[in-house]
Amino acid sequence: MDIERTLAALTLPEKAALVSGKNNWYTAAVKRLEIPALMMTDGPSGLRKQKPGSEADFTDSIQAIAFPTAALSASSWNESLLQKMGEHLGEEARAEQVSLLLGPGINLKRSPLGGRNFEYFSEDPLVAGKLGSAYVKGVQSQHVGVAVKHFAANNRENQRFTASSDMSERTLRELYLRTFEIVVKAALPATVMTSYNKINGVLNSQNQRLLRSILRDEWGFHGAVMSDWGAVADHPQALRAGLDLEMPGKGQASVDEIIRAIDTGELDEGTLNKSVRHLLHIIDNWAPAEKPSTYDHEAHHNFARTVADDSIVLLKNHANELPLTPGHEGKLVVIGELAEKPRYQGSGSSHVNPTNLVTPLAALQNSDLKADYYPGYRLDQSETDDTLAQTALTAAKNADHVIVFAGYPESAESEGFDKNSLMLPENQGDLVGQLAKLNPHTTVILQNGSAVEMPWIHSTAAVVETYLAGESVGESTWDIITGAVNPSGHLTETFPRRLTDTPMAPTFGQDPHHEYYTEGIFMGYRYYDTHEMHVLFPFGHGLSYTNFEYSKLVIDQNEHGATVTFGITNTGDRIGQAVPQLYVANHSTHKPMPTKELRAFTKLSIDPHETKLVTFKLNRRDFSWWCEPKQRWEADTGDYEIMIGESSRDIRLQTKLTMDFKNSPAPITTETYFAQVVQEPRLRDLFQRIVLDSEQDRTNNFLTIKDDAGNLVLMQNQMFLNMPLRAAVALGVPANLISSFIAAANDH
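Residues numbered from 1 in each chain as written. Predicted model: local features only at pLDDT ≥ 70, side-chain atom pairs only at ≥ 80, totals over all residues. Heavy atoms only, no water.

A closer look at the sheet that holds strand 27 (residues 638–645)
To keep it simple, the criterion reads: Any two strands with at least two DSSP bridges between them are considered paired. Per the convention used, a helix needs a DSSP run of H or I reaching at least four residues, while a strand needs a run of E reaching at least two, with both numbered from the N terminus. Axis geometry follows a simple rule: fit a line to the C-alpha atoms, using only the stretch in contact for helices, then measure angles between N-to-C directions, giving values from 0 to 180 degrees.
Read across the open sheet, the 4 strands follow the order 22-21-27-28; overall the sheet is antiparallel. Both edges of this open sheet fall to strand 22 (597–601) and strand 28 (651–659), since each of them pairs with a single strand only. In this sheet, adjacent strand axes meet at a mean angle of 25° when their direction is disregarded. Bridging between strand 21 (residues 581–586) and strand 27 involves 6 bridges; their strand directions are antiparallel. Across the sheet, Gln581 pairs through a bridge with Gly645, a residue of strand 27.

Laid out in structure tokens, this is it:
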């Protein structure tokens, strides 16, 4: 397509139609100019292409592979696996003539109560950014574009259309925008989808600073910006701010409001042309396949199983309770209706109609393991069914091994609302607690979208976190339990002991209009580790059926960063995958800092008794923090600490280093303290010449003393040093002298 010629040929009504979705799933077509409509469909963990006429029913979609949700797939910490998963999703979308897959969701898991946490990768922006980038690259390699969502700070579902996420600029930059910055720069997504919420009072779909100044001007984004469904309050204002496509459109009403805004001068046609130009590029680059095609459903199902196998997290394994090998001695009892009716995906817009759901009970029946099954509880109620519970307890009493399936029912966890508790339903929690006390060989298998409180944890032998594992949930669960697969998943979120331990517990969701991010940058492990709080399971935690030993930490540094090298040895007798994590502690900056922050990670397979060398490269940005006065990233000269571990709490190697970064100075203002003036020779000399020497008789003696030659010089007592320049005016120094000094200091 000749974009500029096409743009010039479009009429105003056609332009207005292009920036307004034709309906729920298509952009507008312009047949006379051969501009096709693009189809988009929900992801991100499977294709939800609605059947014709069923737009209002999330569950009535074509059959597609239900891959593990992001909560689980992220636990793989495996970029290459996420890229392959993206390739599979892209192949399926292309086969269905879908041009844009609405995903991935890369918002951070700020609170474990967030209703959409199952759809997001992590509480850490690096993990979410790198895994999200891999996903995007995979999908787009199949000539299908993505819509990275939800931009930005979408961390709460209640009142999500109107609530404002209120936080400092530093918090926004270091955490909630950082993930999007990584993905935009590394993966070049076709589109970015704005979220429903506001940031500091400004609706995101109408936030010019967010959509133009940061996304396009700073990060260099060249794709299109679309709204979440129904997120636009004022379409002309949204276009002025940098939105390109309102989804879904309002039909002729959308076209009319754009034309009216042009006619009244509310919207400039040049601004409209920018959005149309962006959309024409998207239509040209991501045109749909000419006709539908097919893909190998069985192969894609098997790959979904591979993703789950690589991601399931072994949280606890006391006395090597697991694996249970086929042919094991003793009686096995399986309890829990979730074994028969599993939670394997999230609810809401990401709901997938699976091609081949394999339940844990069905997979067990097709395995070499022999076991008796008892429902134990009912998923559709929270009250204990005494008959079901007592039957399960009686069977478990004489069993050699008990496997109990537990988790949140679908009604408790979904897009559109937040949770109010981290406890399992009462009937499940009580049953798990009784089973664990009754039989010391009790293993708990969790099916859930986010963190769970576990008051019974100390009584259980093993705990396996499967999150929402996709349509192969049954096969993958038994792959881990039987040891057919060595678990290698690691948590990408902290599991607190109690909801009240979370930093936002007193305020989350309390104000219908505002969500106050009072914890600032101290969210997730940054909070728990800094405050040395006990947690249930730390960020990065995950066990294996083998063990890894870390050794020989070597650091090569220069003015641009550092190269970190170390060895990992598999000391066990079976192949395993290690997930080394590199954390940096900043001891050089006077601003509040977490005790450590993740700055690099990888995943690698290691044979028994083999040693592999791992190298991480750190750049200046990895040592940086967001400086609000300068509105930029700042890396300070001083001491840092490098930590290598298998979780944020399991540090195996660490060393200190001193970095020498060159920074331009912060601007001098009336808020600059005299301590800085005295400590820096250049500033001290300027102040002497401009203020003291020029108007000695007018300067306040409180600021000065005489040297041996009788000249006035700056005082250096502690009270004086702890005063800003503006205080000198109050003490009698002429304001014009302070202004002249500030101008000279900044001019230099």
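On we go.
Some remarks on the packing of aromatic side chains
Quick note on the threshold: Ring geometry is summarised as follows: Phe, Tyr and Trp rings, the Trp one being its six-membered ring, pair when their centres sit within 6.5 Å, and such pairs are stacked at plane angles under 30 degrees, edge-to-face over 60 and tilted between the two. Only protein chains enter the accessibility calculation, which uses a 1.4 Å probe; a residue is then buried when its area is under 20% of its type maximum, exposed when over 50%, and partly exposed in between. Here, a charge over a ring means that NZ of Lys or CZ of Arg falls within 6 Å of the ring centre while also lying within 35 degrees of the ring normal.
This structure, assessed with the given rule, holds 20 aromatic pairs. For the pair Tyr527 and Tyr528, a centre-to-centre distance of 5.4 Å together with 75° between the ring planes defines the contact as edge-to-face. You'll find Tyr527 and Tyr528 in the same group, each marked buried. Where Phe674 meets Phe687, the ring centres are 5.5 Å apart and the plane angle is 85°; that geometry is what we call edge-to-face. Of this pair, Phe674 sits in helix 18 (residues 674–679) while Phe687 sits in helix 19 (residues 681–693), and the two are 13 residues apart along the sequence. For the pair Phe674 and Phe687, one class covers both residues: buried. Three or more aromatic residues joined by ring pairs make a cluster, and in this case those are Trp77, Tyr525, Phe539, Tyr583 and Phe601. Lying over the aromatic face of Tyr467, Lys109 brings its terminal NZ or CZ to 5.6 Å of the ring centre. Here the basic side chain of Lys130 rests over the ring of Phe601, its NZ or CZ set 4.9 Å away from the ring centre.

Structural notes on the packing of helix 4 (residues 79–95) against helix 5 (residues 125–140)
The test is simple: Note on convention: near helix rotated counterclockwise from far helix by under a right angle means a left-handed crossing. Clockwise means right-handed. By definition in these notes, contact holds between two residues if any of their heavy atoms fall within 4.5 Å. Classification used: nonpolar for Ala, Val, Leu, Ile, Met, Phe, Trp, Tyr, Cys and Pro, charged for Asp, Glu, Lys and Arg, polar for all others including Gly.
Two elements in contact, helix 4 and helix 5, have axes separated by 6 Å at closest approach and are oriented at 35°. By crossing handedness, the relation of helix 4 to helix 5 is classed as right-handed. On the side of helix 4, the interface is formed by Glu79, Leu82, Gln83, Met85, Gly86, Glu87, Leu89 and Gly90, while helix 5 contributes Lys130, Leu131, Ala134, Tyr135, Lys137, Gly138 and Val139. Of the residues that constitute the contact of helix 4 with helix 5, the class distribution is 7 nonpolar, 4 polar and 4 charged.

Some details on the environment of Asp124
Cut-off, in case you're wondering: As used in this structure description, the phrase polar contact means that two N or O atoms lie within 3.5 Å; if the pair is within protein, one of them must be able to donate a hydrogen and the other to accept it, and residues adjacent in sequence are counted only when both atoms belong to side chains.
Mapped onto the fold, Asp124 is located in the loop between strand 3 (100–102) and helix 5. Here Asp124 falls in the buried class, since its relative accessible area comes to 1%. As a C-alpha pair, Asp124 and Val192 span 68 residues in sequence and 20 Å in three-dimensional space. Once residues within four sequence positions are removed from consideration, Asp124 is found in contact with Leu108, Tyr525, Arg526, Phe539 and Leu598. From its side chain, Asp124 meets the backbone nitrogen of Leu126 in a polar contact 2.9 Å long. A distance of 2.8 Å separates the side chain of Asp124 from the side chain of Tyr525, its partner in a polar contact.

Notes on the pattern of salt bridges
Counted only if it meets this: Whenever a carboxyl oxygen of Asp or Glu lies within 4 Å of a side-chain nitrogen of Lys or Arg, that contact is scored as a salt bridge.
Using the criterion set out here, one finds 43 salt bridges in the structure. Taking the shortest distance from any N to any O, the salt bridge between Lys250 and Glu246 comes out at 2.9 Å. Here Lys250 falls in the partly exposed class, since its relative accessible area comes to 44%. The partner of Arg305 in a salt bridge is Asp479, and the shortest N-O contact between them spans 2.9 Å. One end of the pair, Arg305, is in helix 12 (residues 297–311); the other, Asp479, is in helix 16 (residues 473–481), and 174 residues separate them in sequence.

Function-wise, these values are silent; they only describe arrangement.
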